[in-house]
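A look at the structure
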Amino acid sequence: QVQLVESGGGLVQAGGSLRLSCAASGSVLNNDAMGWYRQDPKSQRELVATISTGGSTNYADSVKGRFTISRDNAKNTVYLQMNSLKPEDTAVYYCNLDRYWVGKRYIYWGRGTQVTVSS
């Protein structure tokens, strides 16, 4: 079992910044990928950014150049630095841990943190 706890959400004006954190605890494996997803009231959950244990990253086109994902493996913590925020970024942001083990995929989610960007 893995537990994920997000923090850092809030209300900002367009053009502002926020830094989200996600701390993982429990049976975290060395090669677990982690990432951030988001969901607004009108959409399904979508990928924002992912990062491997080794530091390889992947970003949604909509956030490239504005968001940066990073990881502290010693702390089992992943971060999302969000700059130049837009109203379209308003959503609940969910931390994710993605694991493959013996042919099975295991996905863990945090409860989410609200990010609201005013125009």
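Because the structure is a prediction, the values reported are computed rather than measured.

Some points on the side chain of Asp98
By the element assignment, Asp98 lies in strand β9 (residues 91-101). Classification of Asp98 as buried rests on a relative accessible area of 12%. Within polar-contact distance, the side chain of Asp98 engages the side chain of Arg105 at 2.5 Å.

Some details on the packing of aromatic side chains
Considering all chains together, one arrives at one aromatic pair under this definition. Look at Tyr37 and Trp109: their rings are 5.0 Å apart centre to centre, the planes differ by 80°, and that puts the pair in the edge-to-face class. With Tyr37 in strand β4 (residues 33-39) and Trp109 in strand β10 (residues 104-109), the pair connects residues that are 72 residues apart, well separated along the chain. Positioned above the aromatic ring of Tyr79 is the side chain of Arg19, whose terminal nitrogen or guanidinium carbon lies 4.3 Å from the ring centre. Sitting over the ring of Tyr94, Arg45 keeps its end group 3.7 Å from the ring centre.

Notes on the pattern of salt bridges
In total, this model carries six salt bridges according to the counting rule given. Residue Glu46 pairs with Arg38 through a salt bridge whose shortest N-O separation is 2.9 Å. According to the relative accessible area criterion, Glu46 is partly exposed, its value standing at 38%. With a shortest N-O distance of 2.5 Å, Arg105 and Asp98 are connected by a salt bridge.

Comments concerning the sheet that holds strand β1 (residues 2-7)
Pairing within the open sheet is antiparallel, and its four strands lie in the order β1-β3-β8-β7. Where the open sheet ends on each side, the last strands, each with one partner, are β1 and β7 (67-72). The mean angle between the axes of side-by-side strands here comes to 15°, regardless of whether they run parallel or antiparallel. In this sheet, strand β8 (residues 77-82) lies alongside strand β3 (residues 18-26) in antiparallel orientation, the contact comprising six bridges. Bridge pairing links Arg19 to Gln81 in β8.

Reading guide: rules and limits
- Residues numbered from 1 in each chain as written.
- Predicted model: local features only at pLDDT ≥ 70, side-chain atom pairs only at ≥ 80, totals over all residues.
- Heavy atoms only, no water.
- Helix = DSSP H or I, 4+ residues; strand = E, 2+ residues; numbered from the N terminus.
- Buried < 20%, exposed > 50% of the residue type's maximum accessible area, 1.4 Å probe, protein only.
- Polar contact = N/O pair within 3.5 Å; in protein donor to acceptor, adjacent residues only side chain to side chain.
- Phe/Tyr/Trp six-rings, centres within 6.5 Å; stacked < 30°, edge-to-face > 60°.
- Lys NZ or Arg CZ within 6 Å of the ring centre and 35° of its normal.
- Salt bridge = Lys/Arg side-chain N within 4 Å of Asp/Glu carboxyl O.
- Pairing = 2+ DSSP bridges.
- Axes fitted to C-alpha atoms, helices over the stretch in contact; angles between N-to-C directions.

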